[in-house]
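Structural description and commentary
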Amino acid sequence: MSDTYSQPTPAEHTITRFAPSPTGHLHVGGARTALFCWAFARGHEGTFLLRVEDTDQKRSSEAAVAGILEDLKWLGVEWQEGPAYEGLGGDPRGVGPFFQAERVDIYNAALAELLESGRAYPAFETAEELDAKRKAATDANQTYRYDRAALEIPEAERISRMMAGEPHVVRFKAPDHDVVVADSVLGEVRFAAGELDDFVIRKADGFPTYHFAVVVDDEAMGVSHILRGQEHLQNTPRHVALQQALGYRTPVYAHLPLIFNPDNSKMSKRDKDKAVRAYCKEQKVDAAPEGTLDDAGFKAWMEDKRAQLPTDDLMRLATAIGFAPPEIDVEDFRRSGYLPHVLCNYLALLGWNPGEKNEDGTDVEHFSMGYLVEKFGLDRIGKSASKFDREKLMAFNANEIQNRMSDERFADAWRTWLERYDRATLEALGDKLPMAAAAARQRTRVMREAAGVVAFALRDDFGYDDKAVQKVLLKNDGEGLAVLRELGPVLEGVEPFEADAIEAAIKNWCEAKGLGMGKAAQPLRVAMTGGTVSPGLGQTLELIGKQASLDRVGRCLSQFAGVGGG
RNA sequence: GGCCCCAUCGUCUAGUGGUUUAGGACACCGCCCUUUCACGGCGGCGACCCGGGUUCGAAUCCCGGUGGGGUCACCA
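Everything in this summary refers to the structure shown in the same document.

Each value, and the rule that gives it
- Residues numbered from 1 in each chain as written.
- Chains lettered and ligands numbered in written order.
- Predicted model: local features only at pLDDT ≥ 70, side-chain atom pairs only at ≥ 80, totals over all residues.
- Heavy atoms only, no water.
- Helix = DSSP H or I, 4+ residues; strand = E, 2+ residues; numbered from the N terminus.
- Buried < 20%, exposed > 50% of the residue type's maximum accessible area, 1.4 Å probe, protein only.
- Polar contact = N/O pair within 3.5 Å; in protein donor to acceptor, adjacent residues only side chain to side chain.
- Salt bridge = Lys/Arg side-chain N within 4 Å of Asp/Glu carboxyl O.
- 1 Å grid on protein atoms, 1.4 Å probe; cavity = no way out; pocket = protein on both sides within 12 Å on 5 of 7 lines; lining within 4 Å.
- Points joined across faces, edges and corners; volume = space filled by probe spheres on them.
- Nonpolar A, V, L, I, M, F, W, Y, C, P; charged D, E, K, R; others polar.
- Phe/Tyr/Trp six-rings, centres within 6.5 Å; stacked < 30°, edge-to-face > 60°.
- Pairing = 2+ DSSP bridges.
- Disulfide = S-S within 2.5 Å.

Of note, Thr529 is situated in helix 21 (residues 517-529). Look at Thr529 and you get buried, because its relative accessible area is 14%. Side-chain polar atoms of Thr529 contact the backbone oxygen of Gly531, separated by 3.1 Å.

Spelled out as structure tokens, the structure:
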């Protein structure tokens, strides 16, 4: 065996890896896999490494790599080994590089062994020829397996044609015995001999296929535990067969249950395009709004049910038409204003459960990253797929913001979020941000809702809600307006103009008049915001400011005086 | 269709043969708190896919059925 990929690490050391292919942002399913790999390694004082599977030249992009690294870092899923990124990554054991496209020599060395031992062989069919064979088999209602036609060619000729540079792939000769996959979640899964066909391990372009690269790399990098989605289960016998042929050890496998949409469809990036497209149809949007797409592009996208827009274009379009597509990628949840450790918390519960109770008998459901690291284990991973429930995630996030965060911590988190996603509001708020945060916190479930809660403070030129005006100001001969008239001077006398003092002053006035607080609060709300809903009265007025509050009372009075009496 | 996986309230799940009138969370519905909204408190609704075994006893073990899902590329 060549030293190139000999085992550099003692087998007892726990090493997990996350190996995304850089074809887009990190998907929540991938995020959960990464999270589990990370937690498992951490909990076993092991190493979590990141490897980029970019052997598909056509679909990989550097932007996608950067996006995935950023998403992981934001989540708090930190890799000790792998691509360097803001202090993460590195290669202390010298097992890199961590981009498969840079490891072709390593794969070829392993491949040479298989070729030599006769476990792999070149095949010369074109993709078109294979498609035709496949189609013929399907049409005849039969399962297609590669027919080993290339093995009909005498070996010497095969080799010489390969050496002469004739286009070819290399196939692995599948074993003639059953392959058993020992999975720590599912148990032993047996695949009968003959189920595997001679799959391709090196493509015509010289790059290894996924199956081959994964097996070689996991061995070379000393990966001890492979946690991945259950959609990979049928790949595993191929990998095990390859390991056996190469004399590698087989790592521990744990196949994670799948995550679905509430309607049982697979969660996919396409869902976003689908939702936006449906909204466009529903709202009869027949041309792309200014500054989003050109007409031809928009039309083509609308007509092709499976078309996907680049993320940025899609989001710009969605924003322009006032629609929020469902969150699918980690970046989507970040943009909506979920907290990273809450997302991790929720994700961890999809397919895993600590199985512990709180003292009051409820299940332990809200936990920190540290708790996850401490408790996570393969033995409590579930077997059945789960549906992604945004309502519950939202409730988790709301719980964190409303019941666990302080006003100060929320203000910090909000500021960070605004810096990235809503600079206009950040600037409009200015140094009132902490006050606004305090007012908005208990009414905010995800960060993007917060600005709406305090929107009244940002603009003076709001309109009044008719129903509110009728009910609160004009009813009973302008009772509400009369209250407002008297409240003006009361507010004027409040100094300093702070929430508690404001509330106290209004309360005093009510008591003196023998009125319930509601009789004063609601007219003031309408005057301050145009409607009947706002944060606490004191907070609302303080946020608006003394002069502006008085102005709003005046404006309201002059607008409705004489409309309905009073 | 072949192969493979799975199956507890609408959803996420606890439950590993008796401690279970199956526990919790989200959602939903009431009531309470209350200056609106929200928060919070209390209560309610609501599940072991079906059929056979095994056993004194089965949500838990076995078999079959049904249902759901995954996968069948020179993508990963």
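If you walk through the whole model with that rule in mind, you get 38 salt bridges. For Glu449, the salt bridge identified is with Arg445, shortest N-O distance 2.8 Å. Close ionic contact of Lys519 with Glu479 constitutes a salt bridge, the shortest N to O distance being 3.5 Å. In this pair, Lys519 is assigned in helix 21 and Glu479 in helix 19 (residues 466-492), connecting sequence segments 40 residues apart. For Lys519, a relative accessible area of 40% puts it in the partly exposed group. On the basis of relative accessible area, Glu479 is assigned to the partly exposed category, the value being 34%.

Our focus in this paragraph is the layout of surface pockets. Looking at the second largest pocket, its volume works out to about 390 Å³. Every element with two or more residues in the lining of the second largest pocket is listed here: helix 10 (311-320), helix 11 (330-336), helix 15 (407-421) and helix 18 (447-453). Partitioned by chemical class, the residues of the lining of the second largest pocket number nine nonpolar, three polar and six charged.

Before going further, it helps to examine the packing of aromatic side chains. Evaluation of the coordinates by the stated rule reveals 17 aromatic pairs. Arranged with centres 6.1 Å apart and planes meeting at 40°, the rings of Phe298 and Trp301 form a pair that is tilted. Pair noted here: Phe298 and Trp301 are both in helix 9 (residues 295-303), with a separation of three residues, about one helical turn. Both residues of the pair, Phe298 and Trp301, belong to the buried class.

A separate point is the pairing of strand 11 (residues 252-256). With four of its five residues buried, strand 11 lies for the most part within the structure. Where strand 10 (residues 225-229) lies against strand 11, five bridges are found, and the strand directions are parallel. Bridged to Arg228 within strand 11 is His255.

Considering all chains together, one arrives at zero disulfides under this definition. Here Cys510 is not cross-linked by a disulfide; its sulfur's nearest cysteine counterpart is in Cys556, at 17 Å.

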